[in-house]
Amino acid sequence: QVQLVESGGGLVQPGGSLRLSCTASGSIFNAYVMGWYRRAPGKPRELVATITSGGTTNYASSVKGRFTISRDNAKNTVFLQMNSLEPEDTAVYHCNALISTGRGTPRNNYWGQGTQVTVSS
């Protein structure tokens, strides 16, 4: 069983910063890709950023230059540093990870419960 637990959300003023964290625990052989998605009210879920175990990153155009994703492979933890936050960044942010639980086993997609980020003055 694999669990993803997020932390770090909250209320911040426009232009402010927040740092999200997500740790995967359980029977983990390899967390190939870890990342963040978000869902704003009335909108579909969208990719924010992903990072592979090798450090290759991918960002949504709307956050490029403002957000930075990083990870600690030894701790199966992914971080999202969010700077210059805008009201449009308000959403529930979900951690996601593509994980295999053993050598030669299939990779499965896992999700965290989500953490609320609200950008408002």
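Residues numbered from 1 in each chain as written. Predicted model: local features only at pLDDT ≥ 70, side-chain atom pairs only at ≥ 80, totals over all residues. Heavy atoms only, no water.

Simply put, the disulfide is a covalent bond whose two ends are the sulfur atoms of two cysteines. For the coordinates displayed, the defined rule picks out 1 disulfide. The residue that forms a disulfide with Cys 22 is Cys 95, at a sulfur-sulfur distance of 2.1 Å. Between Cys 22 and Cys 95, the S-S dihedral sits near -80°, and the bridge is therefore left-handed. Of this pair, Cys 22 sits in strand 3 (residues 18-26) while Cys 95 sits in strand 9 (residues 91-100), placing them 73 residues apart in sequence. (Disulfide = S-S within 2.5 Å. Helix = DSSP H or I, 4+ residues; strand = E, 2+ residues; numbered from the N terminus.)

Alternating residues of strand 1 (residues 2-7) divide into Val 2, Leu 4 and Glu 6, all buried, and Gln 3, Val 5 and Ser 7, none buried. The sheet contact formed by strand 1 and strand 3 spans 6 bridges and is antiparallel. Bridge pairing in strand 3 links Val 5 to Thr 23. (Buried < 20%, exposed > 50% of the residue type's maximum accessible area, 1.4 Å probe, protein only. Pairing = 2+ DSSP bridges.)

Below, the discussion takes up the environment of Arg 39. Of note, Arg 39 is situated in strand 4 (residues 30-39). For the pair Arg 39 and Gly 114, spaced 75 residues apart in sequence, the C-alpha separation works out to 9.5 Å. If we ignore the near neighbours within four places in the chain, the residues touching Arg 39 are Pro 44, Arg 45, Ala 91 and Val 92. (Contact = heavy atoms within 4.5 Å.)

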